[in-house]
Amino acid sequence: MKTLKLTVEDHIATLTVDQPQNRVNTITSQLIAEFDEVLDNLEHDELIRALIITGGKQDRFISGADIRLLLGFRKKGDALAFSRKANSLLTRLSQLPVPVVAAIHGPALGGGLEVALACDYRIATDDPTTRFSLPEVNLGLCPAAGGSQRLPALIGTSEALSMLLTGRTVYPREALETGLVDELIHVPGLMKAARNTARMLMDSKDEIRQKGAVSKVLGTMRGNPVARRILFNRAESDIQKQTRGRYPAPKAILECVRHGLKHGPEAGLAFESETFDALAVTPESRQLVLGYFKRQAVRKNPSKARPQKVDHIGVLGAGLMGSGITAVSAARGFAVTLKDRDIPSAVRGKQAAWNELTKRVQARAITEFERDRLLAGIHCTDSYNDLRGLPFVIEAVFEELSFKRRVLAESEEVLPDDAVFASNTSAIPISDIAASARRPERVVGMHYFSPARKMPLIEIIRGRQTDEKAVATTCDIALRQGKYVIVVDDQPGFYISRIVLPMINEAMHLIEEGADIRIIDTAMKNFGFPVGPVNLTDEVGIDVVSHVMETMAPVFNKRGTTLNQSIHRLYESGFAGRKNRRGFYDYREKKGILNRQDHKLINQEIYAYFGESGRRDFQLKEIMDRITLVMINEAAYCLQDKVIARPSDGDIGAVLGMGFPAYRGGPFRYMDQEGIRSVRDRLLYRRDLHGARFHPAPLIEDRFNAGKTFH
Amino acid sequence: MSTSRKRSNIVLIDGCRTPFQIPGTGYRSFRSRDLARFAIRGLLNRTKIAGDQIGHVIMGTAFPDTETGNLAREAALGAGLPASVPAHTVSMSCLSSQQAIAGGIGQILSGGADVVIAGGADSFSSVRRPEELPLLREVSTGETMGKWADRLADRLGVSREEQDAYAVRSHQSAVKANESRLLDDELIPVASQPGFEAVTRDNGFRADFTPESLSILKPAFTKKHGTVTTGNAFFPADGASAVLIMTEEKAAELGLTPRVRIASRSWTAAHPADDMLTGAAHAIPKLIEQSGINPGDIDVFEVHEAFAVQIIALLKALASSPVPLPLRSLNPLGGSLSLGHPFGATGGRLLTTAANRLTRGNGRYAVVASPGGGGHGHAMLLEAMDAGSGNKSARGASSRKTTTQKAASRKSSSSKAAGTRTSASKAPSGKTEKTEGTQRSAGKASSGKAGESSSGKSQTKKTESQKSGPKQSGTPSSDNQNTAS
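Model, not experiment: these values are computed from the prediction. (Residues numbered from 1 in each chain as written. Chains lettered and ligands numbered in written order. Predicted model: local features only at pLDDT ≥ 70, side-chain atom pairs only at ≥ 80, totals over all residues.)

**A few points about the overall build of chain A**
Then comes step 1: Along the backbone of chain A there are 29 helices and 16 strands.
Then comes step 2: In summary, chain A has a C-alpha radius of gyration of 28 Å against a globular reference of 27 Å for 711 residues, a match within 12%.
Then comes step 3: In terms of its C-alpha atoms, chain A occupies a principal-axis envelope of roughly 80 × 60 × 60 Å. (Helix = DSSP H or I, 4+ residues; strand = E, 2+ residues; numbered from the N terminus. Rg over C-alpha atoms; globule rule 2.2 N^0.38 Å.)

In structure tokens, the structure reads:
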């Protein structure tokens, strides 16, 4: 056997999972075959009186199914066989006449956790690398090996749903509290503790049964019919709210759990396998799995140059963005010198990091001490002098060219010659910022998205003079901040702003034509965006959007289209969006009215700026179509203009940077999937109705003529 | 002199402290280990020294936090120092951080570490049951510190008015120092948690204190007859301090510019029942004696203000000694009466403030002194790296003479680098010329004690007399912070 090793000592068998060729242990068809064989042996070996399952890697248990395995499920039935096999193996494991102890160190994810769930007893290390999750939902799938059945039985329906429906990570201390594991132990004591436990359990089999009984009672209590119905109803409405029916997986997982509770474990497992099979071939899941696979590539530094070693960075400006950047940096162990106009502003910027780290403390991912240590790495200052000697500085000051230039000049005064100056801007060309720089080759763009703590993408902009080492270093830091990166060319708006702007522009046209603001946002949320374009404008700020529009207008003028001017009118009339409580939506505080995201009121005042105030009916379909088309068309322009190097960058960027629905893969995958012809036809149709802004990008024509797709 | 006993000079690279806060205010959510962490990290930020250059961390704390244990270790790790840097905590009431610094010097001189961070912290906000602290009552005497202060006042006949006047002076000094931002050099900002308000200033000094407003306060310790009140006594505060010390050679190797040499130190102890609060009055003369410098060369005094009466007693005691203490040189930026007294942090503050004053004012020597609970006293002699002349070797040579020569046989002396030593010994006359050119060469009279404290080895009263510069009488003090009346 190549990946499994079975040793026996004192009647205790230890099964070690160790895939020699992999850094982590994943579930492969080979592993499954070998496991089958091992079970055969165990079922017939009467000398063995207990079994321990553990991971053989330095700090790895089993990290779930191999992603390539999932990509192999092409047609209905492929996944069914896999899931049934997995379920039957784990059922056999759980029915072994001897006690089975899982000894867990490192991540137990997906199938790895399901193996542990099928054991009688779980001991885990209290190490930070040890963590648990069932992340299938994030791939549009449900568990395939009993997770939806055994987890609720072990920790109760409510806790189980919170893991199953979000794929969230549970750290050791929480795992112990919820009963996901029975015991925690320090790393070096893991195997000894597992052996002691195995010996104890094999000498008194009753105890296991008792344990099982306890968790079952708990499970039933937490799931008494009335409470259960309430729980499920709430979960269902939450899912509906979050997915708008777009992602089938959460609902399917809920059904698996419900089915098991109603019809018993055996039926539950069978149902789970069928559900898994159905989900595996949905386009949503295909795109999510593919996207996941592709994103792994973006986890690597795209630049060939060798990055400089940086452990300490400077951040200029402690506003929303600066403090967010500080937070993600400090949380990843960077020392940060945070400079603002005055100390109180800088100190306030530190709060974002504290909030972020405190959340991690609450999730029991880190200790308070660790939080305080990371926080101590943030040095608040009001003086450029404190930047002296720093190898890397990120500027996050107000989005204005002259201001950014001044900050750059002042920084160059104190920074070492080889320091990188990264400018966080959503649209101002880096080469303009660097125009008067002493060392323009060390100036690079680093476009974070708001809120920086949450948004997973950073656009890295190579200015005309930026040298490769600066790009490599910037990518390296972004990756170490836990972000994904795409490197884009220095053209107005780069990639993300460039494709977002036409959406907002189209929304403005629609409002002018009489569309209701809420209908527009609803349409785009139905398409799968987390927020609609009008709401987004309020969030980003009407002032900022107006600014970006101005910067980017030439790009569109060159193509013979003009941008809608209403945003500028609003800006001039003092509308800035949420930040000054004057936007498309009503942000005035009202007593007794729930002004939640979902029930925001429209600021009726706004319609006066869009011609008449009477609204007319629009088909959601038309809105969705128009806004989507201008966006994907612009993405094609970006590829053609070499803003992005390849379609996959465009897809990943759109999904991670602007919330393009992941299950649709990204603009280019979407076009491929819809068919280039269909996209082209729809564009031409819209062009005839609404004008040149729908004129298909030449690249789309090319693909159409060549009969090719983007990928 | 004594190459065989050559000792490295210990220098202070930099020091800093958190602003001191009235308990229950800016630092109410912090324990002493948190404050110590801020101070250590602040020091690292300022000096930009790499953590792995630090050889040892020693922190003092007067009231060890039972929830912390080894405060220095927790603070050092929390500040991001490598786990490979040992750290320990010491305790000696008001002298805790002085003891930490002394321990650091000892570590360096004995070869235990090249570079040491020393300092201390105390937090009264995090004390659950303050009445259990030996804050004011000592076991050996059963008396409170305040009672001793009253007793001292009566023994020396110090009036209530004198005490209140000195207290007002302390507060006024702190107010002025804040207005002129002269404390900024030693302060590091702290972020309160979870509100993240910036704490950038001490918050205990009072611009509105006047002799009249203080006169209405009731005696705090000796009912009816006492003269010590909350207005003329120190107040407990939360805070931490940290200093970076190493040998002069190590500083050169690391490219760091030292502020001052720590030339000499003295410790004294007497029975608390006889000599409480007078420790500084014993420690200063002892220090001067053992270092052999001319007391007139001292431009800067920083003395811990436990009680106004204790300072007045010190002034009286020194007035009749060979070591004059001009009031204008004493605590012109405020003291423990006005800035507050976080017991374990005060020593680091005194050292840092004195070093900064010396540097700013181009002074030559500074004396840092403090009485401590238990009848202890401590004093430290600081020597400017370059007393304002452009001529290093000359100044170095003369200062070597003054401190080293007699102290050569003592451990705490500052011996010069070899080159300097040679030039000095070879060309004593040349030295004289050079010193004359310097701004602040000054010691006028030879102390006459030069040789006394030495073990009698090589001391010839050297060249004290040679140093008489033109300068001293004209400029009272170059420490322009001297605001005292």
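So much for the structure itself; the text now carries on.
**Some words on the overall build of chain B**
Then comes step 1: Summing up its helical and strand segments, chain B has 15 helices and eleven strands in all.
Then comes step 2: Per-residue burial for chain B yields a buried fraction of 61% across its 485 residues.
Then comes step 3: Sequence separation of at least 24 residues holds for 82% of the intrachain contacts in chain B that already meet a minimum separation of 6. (Buried ≥ 20, exposed ≤ 12 C-beta atoms within 10 Å, placed from the backbone. Contact = placed C-beta atoms within 7 Å.)

**Considering the pairing of strand β13 (residues 420–423) of chain A**
Residues and elements named next belong to chain A.
Then comes step 1: Neither face of β13 is left uncovered, since the one carrying V420 and A422 and the one carrying F421 and S423 both have all their residues buried.
Then comes step 2: Where strand β12 (residues 392–395) lies against β13, four bridges are found, and the strand directions are parallel. Each bridged residue has a counterpart across the sheet, and for V393 the counterpart in β13 is F421.
Then comes step 3: Handedness of the β-α-β unit built from β12, helix α17 (residues 401–414) and β13 comes out right-handed.
Then comes step 4: Examined bridge by bridge, β13 and strand β14 (residues 443–448) share three bridges and lie parallel to one another. Paired with F421 across the two strands is V443, which belongs to β14. (Pairing = 2+ DSSP bridges. Right-handed = clockwise from strand over helix to strand, strands pointing away.)

**Examining the UniProt feature "domain: 3-hydroxyacyl-CoA dehydrogenase NAD binding" (unreviewed entry) in chain A**
Then comes step 1: The UniProt feature table records "domain: 3-hydroxyacyl-CoA dehydrogenase NAD binding" (unreviewed entry) at residues 312–490 of chain A.
Then comes step 2: As annotated, residues 312–490 of chain A has a helix share of 40% and a strand share of 22%, and its two end C-alpha atoms lie 27 Å apart. (UniProt positions renumbered as here; feature names shortened; annotations may be inferred.)

**Re the sheet that holds strand β11 (residues 378–381) of chain A**
Residue and element names in this part refer to chain A.
Then comes step 1: In space, the eight strands of this open sheet follow the order β11-β10-β9-β12-β13-β14-β15-β16, with mixed pairing throughout. In the strand order of this sheet, the two ends are held by β11 and β16 (484–489), each with one partner. The average angle at which neighbouring strand axes cross in this sheet is 25 degrees, direction not considered.
Then comes step 2: Against the sheet, α17 touches β9 (312–316), β12, β13 and β14, its axis set at about 160 degrees to β12. (Axes fitted to C-alpha atoms, helices over the stretch in contact; angles between N-to-C directions.)

**Here we look at the sheet that holds strand β2 (residues 56–60) of chain B**
Residue and element names in this part refer to chain B.
Then comes step 1: Taking strand neighbours across the sheet as the criterion, the nine strands line up as β3-β2-β4-β7-β1-β8-β11-β10-β9 in an open arrangement whose pairing is mixed. A single partner strand is all that each edge strand has here, and the edge strands are β3 (87–90) and β9 (298–303). Averaged over all adjacent pairs, the angle separating strand axes in this sheet is 25 degrees, with direction ignored.
Then comes step 2: Where β2 and β3 come together, four bridges link them in parallel fashion. Opposite G60, over in β3, you have V90 as the bridge partner.

**Some thoughts on the interface of chain A and chain B**
Then comes step 1: Taken together, the contact pairs 15 residues of chain A with 15 residues of chain B.
Then comes step 2: If one sorts the elements of the side of chain A that touches chain B by residue count, helix α15 (residues 343–362) of chain A sits on top with seven residues.
Then comes step 3: A per-class count over the side of chain A that touches chain B returns seven nonpolar, four polar and four charged. (Nonpolar A, V, L, I, M, F, W, Y, C, P; charged D, E, K, R; others polar.)

**So, the confidence of the model for chain B**
Residue and element names in this part refer to chain B.
Then comes step 1: Here chain B averages 81 in pLDDT, while 76% of its residues score no lower than 70.
Then comes step 2: Scored below 50 in pLDDT, residues 1–6 makes eleven contacts in the model with residues more than four places away or belonging to other chains.
Then comes step 3: Note on residues 387–485: pLDDT under 50 across the span, and 208 contacts to partners over four residues away in sequence or across chains. (pLDDT = per-residue confidence, 0-100.)

**Description of the nonpolar core**
Then comes step 1: I245 and L382 of chain B are the most contacted members of the largest nonpolar core, which has 348 residues in total.
Then comes step 2: Here this core gets eleven residues from one element, more than from any other, and that element is helix α25 (residues 620–640) of chain A.
Then comes step 3: Apart from the residues within four sequence positions on either side, L382 of chain B is in contact with V260, R261, I262, A263, A354, A355, L358, Y365, A366 and V368 of chain B. (Core = buried A, V, L, I, M, F, W, Y, C linked by C-beta atoms within 7 Å.)

**Some words on the domain arrangement of chain A**
Then comes step 1: Domain parsing of chain A yields domain 1 (4–281), domain 2 (312–489) and domain 3 (496–643 + 675–706).
Then comes step 2: Taking the mean C-alpha position of each, domain 1 of chain A and domain 2 of chain A sit 41 Å from one another. (Domains from an automatic or database assignment.)

**Here we look at helix α16 (residues 368–376) of chain A**
Then comes step 1: Taken as a whole, α16 of chain A has its buried residues at R371, D372, R373, L374, L375 and A376 of chain A.
Then comes step 2: Turning to α16 of chain A, the residues buried within the fold contact α14 (320–331), α15 and β11 of chain A together with α1 (32–47) and α2 (71–78) of chain B.

**What to know about the UniProt feature "domain: 3-hydroxyacyl-CoA dehydrogenase C-terminal" (unreviewed entry) in chain A**
Then comes step 1: As annotated in UniProt, the feature "domain: 3-hydroxyacyl-CoA dehydrogenase C-terminal" (unreviewed entry) corresponds to residues 493–587 of chain A in the numbering used here.
Then comes step 2: The span residues 493–587 of chain A is 63% helix and 0% strand, and its two end C-alpha atoms sit 28 Å from each other.

**Some remarks on the pairing of strand β10 (residues 335–339) of chain A**
Residues and elements named next belong to chain A.
Then comes step 1: Summarising burial for β10: five of the five residues are buried, a large majority.
Then comes step 2: Both faces of β10 are covered, namely the face carrying A335, T337 and K339 and the face carrying V336 and L338.
Then comes step 3: On the question of chirality, the crossover connecting β9 to the parallel β10 by way of α14 is right-handed.
Then comes step 4: Pairing of β10 with β11 involves four bridges; the strand directions are parallel. Paired with T337 across the bridge in β11 is H379.

**Some thoughts on the environment of P344 of chain A**
Residues and elements named next belong to chain A.
Then comes step 1: Locating P344 in the fold gives a position in helix α15.
Then comes step 2: In this structure P344 comes out as partly exposed when scored by C-beta crowding, with 19 C-beta atoms within 10 Å.
Then comes step 3: As a C-alpha pair, P344 and F704 span 360 residues in sequence and 58 Å in three-dimensional space.

**Re the packing of helix α20 (residues 496–512) of chain A against helix α22 (residues 533–540) of chain A**
All names here are of chain A.
Then comes step 1: Two elements in contact, α20 and α22, have axes whose closest approach is 9 Å; the angle formed by their N-to-C orientations is 115 degrees. Considering their axes alone, α20 and α22 lie roughly perpendicular with respect to each other. The two elements α20 and α22 meet at a crossing, and its hand is left-handed. Here M503, I504 and A507 of α20 lie close against α22, whose contacting residues are P533, V534 and T537. (Parallel < 35°, antiparallel > 145°, perpendicular 65-115°, else oblique. Left-handed = near helix turned anticlockwise from the far one by under 90°.)

**Structural notes on unusual backbone geometry**
Then comes step 1: Cis peptide bonds are those with omega within 30 degrees of zero, and the linkage from S450 of chain A to P451 of chain A qualifies with -5 degrees.
Then comes step 2: Geometrically, the link from Q193 of chain B to P194 of chain B is a cis peptide bond, its omega value of 5 degrees lying close to zero.
Then comes step 3: Inspection of the secondary structure assignment puts P194 of chain B in the loop between β5 (190–191) and β6 (198–199).
Then comes step 4: Even without a glycine there, the phi angle at N331 of chain B is positive, about 45 degrees.
Then comes step 5: Summarising the element assignment, N331 of chain B is placed in the loop between α10 (308–319) and α11 (336–339).
Then comes step 6: Residue classification places N331 of chain B among the buried residues on the basis of 30 C-beta atoms within 10 Å.

**Notes on the environment of G291 of chain A**
Residues and elements named next belong to chain A.
Then comes step 1: Within the fold, G291 resides in helix α13 (residues 283–298).
Then comes step 2: Taking the C-alpha atoms as reference, G291 lies 8.7 Å from G666; in sequence the two are 375 residues apart.
Then comes step 3: Once residues lying within four places of it in the same chain are set aside, the contact partners of G291 are V655, A662 and G665.

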